Amino acid sequence: MSVRINPDKCIACTTCVVHCPVAEATPKFLGPRMIGPAYERFRLLGLAEDPSLHYCANCKNCDISCPHDVPVSSINMLARAEQCKQQSPGLRDWVLAHGELQARWLRLIPAGLKNFGMLNPVTRALLDALGIDKRAPLPRFAAQTFRQQMRNIRQPAQTRKAVFFPGCYVDVYDPRTGLDMVWALNRAGYEVIVPDDFVCCGLPMIANGFWQDARANADRNLAALARWREQGIPVITGCPSCALMFRTDLPEFFPDMAEKHGATPLEDAQEFLLDCAERGELQLDAKTAGACLPELRVIYHAPCHLRAQGNGLPGLELLRRLPGVMVRNADAGCCGISGSYGFKKEKYDIGQEIGAALFKAVRESGAHIAASECGTCRVQILHGSGLPCLHPVSIVRQRLEALRPA
């Protein structure tokens, strides 16, 4: 595990407090400065943990805003890891942390039966008693996983290749987005490889206190990624949280794993496709297609874990280049879901309060559809606003497939 982070880089300017959506929504959280760098000094003295630690959503807004680059969220996550060593997380947190594993266990059960078993009122009441709020918008299992569907996809012959890391949400619940990503990459001239040895990036496990499971997944994933790196084949993902995990969190939390396998950050798929468009490999504009389409109004939400990477908003830029698409950046803060955070009974109302400004912006936007790269953000936006939300690449595919010569 990572060495302790020096809390003395923090100058107590409270910038992180101003930008913390949880501290604004509830007094139950002391705020990122107090529970992070300030309380870390007490931890180093061996004093008891503050109970508000578990209200940190790991949204990274404190890291984004800190003028001195203090990794406040990492201090909180490492403190939570120590806390979980003393007191193991409960069954509720295990369930939320191991969605991919449960999907593998249930893979032989038809999706309709799984969804009925998971979403019927009796089960939701039981889950509510377990601590998963019955109002939370649990996603539905897809009829077939993305990887299962990929086995039946015949891709055009291409000289260039790209490896796609789908992430748990796309693989288990939203394979349509994964197939749209494959379509876009094929259109840009890449054959897409989806290896079977990829597993969950580990972020849900870290967020819920199962660090050894996250470490095991990191070892497996980094070993697989190293093989593709050695072949010079890019590895990309459409999920900002997966990208952030490999880019920042794994090297910070498990530095020995990074040393063992070498640094292998995932490339952002939207940035990758935007570069393809810049090189002329992916045609996005109406001039080349010679088509006239009805206007499509889109409101875009930038996930917190995307903004934390500091590589701009490539998904938004992709949408802006599409013919007839009028896209607006919601710029209304965190959606409040933070992975599994907003599903938890004691945090559901906090998540809804955090996302209220975004939901209002979406409802009042006049948009036909919303867009966001993060799967759980999309679930939360639909739940809070009523407007369907798609991954930007799905809108790219829909728009380009609709093009017809004038």
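Calculation criteria
- Residues numbered from 1 in each chain as written.
- Predicted model: local features only at pLDDT ≥ 70, side-chain atom pairs only at ≥ 80, totals over all residues.
- Heavy atoms only, no water.
- Domains from an automatic or database assignment.
- Contact = heavy atoms within 4.5 Å.
- Buried area = accessible area lost by both parts, 1.4 Å probe.
- Salt bridge = Lys/Arg side-chain N within 4 Å of Asp/Glu carboxyl O.
- Helix = DSSP H or I, 4+ residues; strand = E, 2+ residues; numbered from the N terminus.
- Expected span 1.5 Å × (residues − 1).
- Bend = angle between axes of the 7 residues up to and from the residue.
- Buried < 20%, exposed > 50% of the residue type's maximum accessible area, 1.4 Å probe, protein only.
- Pairing = 2+ DSSP bridges.
- Patch = residues over 30% accessible without salt bridge, like charges linked within 9 Å, V, L, I, M, F, W, Y side chains within 5 Å.
- Areas by Shrake-Rupley, 256 points an atom, 1.4 Å probe, with all protein chains shown as cover.
- Phe/Tyr/Trp six-rings, centres within 6.5 Å; stacked < 30°, edge-to-face > 60°.

By the naming in an unreviewed UniProt entry, the protein goes by Glycerol-3-phosphate dehydrogenase, anaerobic, C subunit and is assigned to Desulfovibrio fairfieldensis.

Undergrad: Outline the domain arrangement of the protein, supporting the account with residue identities and numerical values.
TA: When cut into domains, the protein gives domain 1 (15-86), domain 2 (146-273) and domain 3 (285-403). Here domain 2 and domain 3 have C-alpha centroids that lie 22 Å from each other. Contact residues are listed per partner, giving 22 residues for domain 2 and 22 residues for domain 3. For the pair domain 2 and domain 3, the two sides together bury roughly 2000 Å², of which 61% comes from carbon and sulfur. Linking domain 2 with domain 3 are 2 salt bridges, by the criterion used here. The salt bridge partner of Asp174 is Arg378, with a shortest N-O separation of 2.8 Å.

Undergrad: Any chance you could break down the environment of Lys134 for me, citing the residues and the numbers?
TA: Structurally, Lys134 is set in the loop between helix H9 (121-130) and helix H10 (146-150). When the C-alpha atoms of Lys134 and Pro156 are compared, they prove to be 45 Å apart, with 22 residues separating the residues in sequence. Not counting chain neighbours up to four residues away, the residues in contact with Lys134 comprise Arg124 and Asp128.

Undergrad: I'd love a proper account of helix H3 (residues 32-44), names of residues and values included.
TA: Compared with an ideal rise of 1.5 Å per residue, which puts 13 residues at 18 Å, H3 spans 17 Å between its outermost C-alpha atoms and is within 8% of the ideal. Roughly 35° is the biggest bend found in H3, and it falls at Ala38. For H3, every residue scored as buried is listed here: Pro32, Ile35, Gly36, Pro37, Ala38, Tyr39, Glu40 and Arg43. Tucked inside the fold, the buried residues of H3 contact helix H1 (15-19), helix H4 (61-65) and helix H5 (72-86).

Undergrad: Give me the sheet that holds strand S8 (residues 389-390): which residues, what numbers.
TA: One open sheet accounts for 4 strands, arranged S6-S5-S7-S8; its pairing is parallel. With one partner strand each, in any of the chains shown, strand S6 (325-329) and S8 form the two edges of the open sheet. Relative to S8, strand S7 (residues 369-371) is paired through 2 bridges, and the arrangement is parallel. From the neighbouring strand, Ala371 faces S8, where its bridge partner is Leu390.

Undergrad: Break down a nonpolar patch on the surface for me, citing the residues and quoting the values.
TA: A surface patch of nonpolar side chains, amounting to about 330 Å² of accessible area, comprises Phe42, Leu45 and Leu47. In this structure, Leu45 sits in the loop between H3 and H4.

Undergrad: Describe the packing of aromatic side chains, listing the residues and the values that go with them.
TA: Each pair of aromatic rings is reported with the distance of its centres and the angle of its planes. In this structure the tally under the stated criterion is 10 aromatic pairs. Ring geometry for Trp94 against Trp105: centres 5.8 Å apart, planes inclined by 25°, an arrangement best described as stacked. Taken together, the positions of Trp94 in helix H6 (residues 91-97) and Trp105 in helix H7 (residues 99-105) put the pair 11 residues apart, joining distant regions of the chain. Overall, Trp94 belongs to the partly exposed group, its relative accessible area being 24%. Measuring from centroid to centroid gives 5.7 Å for Tyr169 and Tyr173, while their planes differ by 45°, and the two rings are tilted. With a gap of 4 residues between them, Tyr169 and Tyr173 both fall in helix H11 (residues 167-173), about one helical turn apart. We classify Tyr173 as partly exposed; its relative accessible area is 25%.

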